[in-house]
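Structure at a glance
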Amino acid sequence: MKRRHAFASTALIGAATLSGALTAPGAQAARAAPAAPAKVALPRTDSTLDRVQKRGVLRAAVILGQAPYFTKDLMTGQWGGACIEMANDIAAKLGVRVELLESTWGHQILDLQSDKVDLAFAVNPTPERALVIDFATPILVHSFTVVTRKGFRKPQTWEDLNRPEVRIAVDLGSTHESIARRYAPKAGISAFKNRDEAVLAVATGRADVNVVLAVLALPMLKKNPTLGEMAIPRPILSLPTNIGTRIETDKRWRDFLSVWADYNRAIGQTREWMTKGLAELGIAAGDIPAEIHF
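Described in the following lines is the structure provided in the data block. (Residues numbered from 1 in each chain as written. Predicted model: local features only at pLDDT ≥ 70, side-chain atom pairs only at ≥ 80, totals over all residues. Heavy atoms only, no water.)

Glancing now at the overall build of the protein. Each helix and strand counted, the protein has 8 helices and 12 strands in total. Considering the protein as a whole, with its 294 residues, one finds that 49% of them fall into the buried category. Considering only residue pairs separated by 6 or more positions, the protein has 74% of its internal contacts joining residues 24 or more positions apart. If you sum the accessible surface of the protein, you get close to 13,900 Å²; carbon and sulfur atoms cover 56% of it. (Helix = DSSP H or I, 4+ residues; strand = E, 2+ residues; numbered from the N terminus. Buried < 20%, exposed > 50% of the residue type's maximum accessible area, 1.4 Å probe, protein only. Contact = heavy atoms within 4.5 Å. Areas by Shrake-Rupley, 256 points an atom, 1.4 Å probe, with all protein chains shown as cover.)

Next comes the structure, spelled out in structure tokens:
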């Protein structure tokens, strides 16, 4: 029987990438035109699992500046973070070593398709991506939050933000923008070329809130004391993040990673890896709201 890869979340979320495409800073983003249908990737007949074990190396993509997933000590070049812990654990189960390839959110799927890496961490599953890569079951689930400017009333619901006088900053092309446009279409939504510029708009009072995933909101507030606070509007919206793999006729690699993900999530190990990654940023377990689950 085929493993079921659907994941129940509290909202159906049209997805783009976590990183935004380039546009003029502060520009009001128009709705993106429908993209051309993606070409369906043909499945490989060989097995990544066999090749990893034969090679004795697990190749994983890493992304600079994406704590708590990935951190890099610029003095030593040493990588750390939650996803590095995960890669080391997977490699230990297989009796192989880890080899890291520096990539970006936008390129790691291409690196996977071109056989530069054997897996890609923290990939949000979308119908479009499912045409070109496969997914193991979720390693964790994100909650969407908003970070406010100081003095702005903390929203209790998404409808509190769905007013013309509310100014929302997002990074263009991201899931954050998709959520803002779906649940607060009446608000003034400004899309910026990256998340840092969206945060700056809130910090300087040019926007009232930034829609962002919880795992990103926590270090954001720690790093920017000029911001207000984090709110988790109702209904709570969530998005799974998975390990991406190549599409293969032999499903053992995907299925192994699915069992690995389910097991570590069930025993609380995934939460430990995430809280450890956040602790390296000065965020204690007590700083994580109870509504946020990993």
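Within this structure, the stated rule accounts for 21 salt bridges. For glutamate 85, the salt bridge identified is with lysine 276, shortest N-O distance 2.6 Å. In this pair, glutamate 85 is assigned in helix α2 (residues 82-94) and lysine 276 in helix α8 (residues 269-279), connecting sequence segments 191 residues apart. For arginine 254, the salt bridge goes to aspartate 255, with nearest N and O atoms at 3.0 Å. Given a relative accessible area of 11%, arginine 254 falls into the buried group. Among the ionic contacts, a cluster of salt bridges with common partners joins Asp46, Arg51, Arg55, Arg59, Asp115, Asp118 and Arg246. (Salt bridge = Lys/Arg side-chain N within 4 Å of Asp/Glu carboxyl O.)

Once that is clear, we can look at the packing of α2 against helix α7 (residues 252-266). As a packed pair, α2 and α7 sit with axes 12 Å apart at the nearest point and diverge in direction by 120 degrees. Judged by the angle between their axes, α2 and α7 are oblique. For the pair α2 and α7, the sense of crossing is right-handed. Contacts between α2 and α7 involve Met86, Asp89, Ile90, Lys93 and Leu94 from the former and Trp253, Phe256, Leu257, Trp260 and Asn264 from the latter. Residues of the contact of α2 with α7, tallied by class, amount to 7 nonpolar, 1 polar and 2 charged. (Axes fitted to C-alpha atoms, helices over the stretch in contact; angles between N-to-C directions. Parallel < 35°, antiparallel > 145°, perpendicular 65-115°, else oblique. Left-handed = near helix turned anticlockwise from the far one by under 90°. Nonpolar A, V, L, I, M, F, W, Y, C, P; charged D, E, K, R; others polar.)

Attention now moves to the pairing of strand β10 (residues 209-213). With 5 of 5 residues buried, β10 lies mostly within the body of the structure. With burial as the criterion, each face of β10 is covered, one bearing Val209, Val211 and Leu213 and the other bearing Asn210 and Val212. Where strand β7 (residues 140-149) lies against β10, 5 bridges are found, and the strand directions are antiparallel. When the bridges of β10 are listed, valine 146 appears paired with valine 211. Where strand β8 (residues 167-171) meets β10, 2 bridges bridge the pair, whose relative direction is parallel. When the sheet's bridge partners are listed, isoleucine 168 is paired in β10 with valine 209. (Pairing = 2+ DSSP bridges.)

Membership of the largest hydrophobic core comes to 77 residues, with the highest contact counts inside it found for Phe70, Ile90, Phe121 and Ile168. If you tally residues by element for this core, the top one is α2, at 8 residues. Not counting chain neighbours up to four residues away, the residues in contact with phenylalanine 121 comprise Ala60, Phe70, Cys83, Met86, Ala87, Ile90, Trp105, Gln108, Ile139, Asn242 and Ile243. By size, the runner-up hydrophobic cluster in this structure holds 9 residues, among which are Ala120, Val132, Ile133 and Phe135. (Core = buried A, V, L, I, M, F, W, Y, C linked by side-chain atoms within 4.5 Å.)

Our next topic: helix α1 (residues 48-55). Here α1 has its buried residues at Thr48, Leu49, Arg51 and Val52. For α1, the buried positions fall inside an angular range of 165 degrees around the axis, keeping them on one side. A distance of 3.2 Å separates the backbone nitrogen of leucine 49 from a side-chain oxygen at the start of α1, and that oxygen is part of serine 47. Glycine 56 sits one or two positions beyond α1 and adopts a positive phi of about 75 degrees. (Arc of directions from axis to C-beta. Polar contact = N/O pair within 3.5 Å; in protein donor to acceptor, adjacent residues only side chain to side chain.)

On to helix α4 (residues 175-183), then. Summarising burial for α4: 7 of the 9 residues are buried, a large majority. One side-chain oxygen of the residue at the start of α4 lies 3.3 Å from the amide nitrogen of histidine 176, identifying that residue as serine 174.

Turning next to the side chain of arginine 254. Summarising the element assignment, arginine 254 is placed in helix α7. There is a polar contact of 3.4 Å between the side chain of arginine 254 and the side chain of aspartate 134.

When you line up the elements, threonine 145 lands in strand β7. Those residues in contact with threonine 145 that sit more than four places away from it in its chain are Asn210, Val211, Val212, Leu213, Ala214, Ala217, Met230, Ala231, Ile232 and Pro233.

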